[in-house]
Amino acid sequence: MEKNIEIVKATAADIETLMAIRLEMLREVNDLASDYEFSEELKTCAREYFLSGNQTTILAKDGKNIAGMASINYITIMPTFSHPTGKRAFLMSVYTRSEYRRKGIARDMIKQLIDEAKARGCSEIILDATEAGRPLYKSLGFEESEETMTKQICCNCGRKNENEICHC
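Residues numbered from 1 in each chain as written. Predicted model: local features only at pLDDT ≥ 70, side-chain atom pairs only at ≥ 80, totals over all residues. Heavy atoms only, no water.

1. Points about the overall build of the protein
When helices and strands are tallied, the protein shows 4 helices and 5 strands. Seen in sequence order, the protein has helices and strands lined up from the N terminus as β-α-α-β-β-β-α-β-α. The 168 residues of the protein split such that 35% are buried. The contacts of the protein with a sequence gap of at least 6 include a subset with a gap of at least 24, amounting to 60%. For the protein, the computed accessible surface area is about 11,200 Å², with 50% contributed by carbon and sulfur atoms. (Helix = DSSP H or I, 4+ residues; strand = E, 2+ residues; numbered from the N terminus. Buried < 20%, exposed > 50% of the residue type's maximum accessible area, 1.4 Å probe, protein only. Contact = heavy atoms within 4.5 Å. Areas by Shrake-Rupley, 256 points an atom, 1.4 Å probe, with all protein chains shown as cover.)

This is the structure:
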């Protein structure tokens, strides 16, 4: 990792930085224009997540510049034999700005969040990966699974049928 990069836990005082880099990441991952405006609902919910969600978000800082961010959300489900505490984590928003990529920053952020999840007693970390991110996650011990199934549900945004994308 770059010598001058510091990885720190974000606090409520970082909310504007968190929002800016999260929206930047969403634009890039979804191939949206740099001036794309997200819905107020998305921005409000993201702000609430950072301020009151059961999560840890970290920032990679290069002096006053932000090199990247990563977030992990903690969830508890009914305990099972393989997960007796029911505590799990969902890794998300792993993002490094283009000029800082391929320098070990994302790896170091993820390692810190893995340690955080372990300290909280989580027995599993789940994530959705982009194609570009898969090699990194595999190198850190994440395995691909074909077991997961999902169903998208809508909050009555006016979709004509369930095969349309919900834009809520």
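2. Side note on the sheet that holds strand β5 (residues 125-127)
Across a sheet, paired strands are connected by hydrogen bonds in the backbone, their directions being either parallel or antiparallel. Here 5 strands make up an open sheet; going across it, the order is β1-β2-β3-β4-β5 and the pairing mixed. If you trace the sheet from one side to the other, it starts and ends with β1 (5-9) and β5, each paired once. Strand-to-strand twist across the sheet, computed as the mean angle between neighbouring axes with direction ignored, equals 25°. Pairing between strand β3 (residues 65-76) and strand β4 (residues 87-96): 8 bridges, direction antiparallel. Bridge pairing links T76 to K87 in β4. (Pairing = 2+ DSSP bridges. Axes fitted to C-alpha atoms, helices over the stretch in contact; angles between N-to-C directions.)

3. Some words on the nonpolar core
Core analysis: the biggest nonpolar cluster contains 24 residues, and L91, I110 and F142 have the highest contact counts within it. Secondary-structure elements contributing two or more residues to this core are β1, β2 (55-62), β3, β4 and α3 (105-119). Looking at this core element by element, the count peaks at 7 residues for α3. Not counting residues within four places of it along the chain, the set of residues in contact with F142 comprises L91, I110, I114, I125, L127 and Y137. In this structure, M19, M25, A46 and L59 belong to the second largest nonpolar core, which totals 15 residues. (Core = buried A, V, L, I, M, F, W, Y, C linked by side-chain atoms within 4.5 Å.)

4. Quick look at the packing of aromatic side chains
Under the definition given, this model contains 3 aromatic pairs. With centroids separated by 5.5 Å and ring planes inclined at 65°, the aromatic side chains of Y49 and F50 adopt a geometry described as edge-to-face. Classification of F50 by relative accessible area gives buried; the value is 10%. (Phe/Tyr/Trp six-rings, centres within 6.5 Å; stacked < 30°, edge-to-face > 60°.)

5. Re the packing of helix α1 (residues 15-29) against helix α2 (residues 40-52)
At their nearest, the axes of α1 and α2 sit 10 Å apart, and the two run at 125° to each other. Taken together, α1 and α2 sit at an angle that is classed as oblique. In the packing of α1 onto α2, the handedness of the crossing is right-handed. Where α1 approaches α2, its residues I15, E16, L18, M19, R22, L23 and L26 are matched on the opposing element by L42, K43, A46, R47, F50 and L51. Per-class residue counts for the contact of α1 with α2 are 9 nonpolar, no polar and 4 charged. (Parallel < 35°, antiparallel > 145°, perpendicular 65-115°, else oblique. Left-handed = near helix turned anticlockwise from the far one by under 90°. Nonpolar A, V, L, I, M, F, W, Y, C, P; charged D, E, K, R; others polar.)

Without other data, these values stay purely geometric and don't point to any function.
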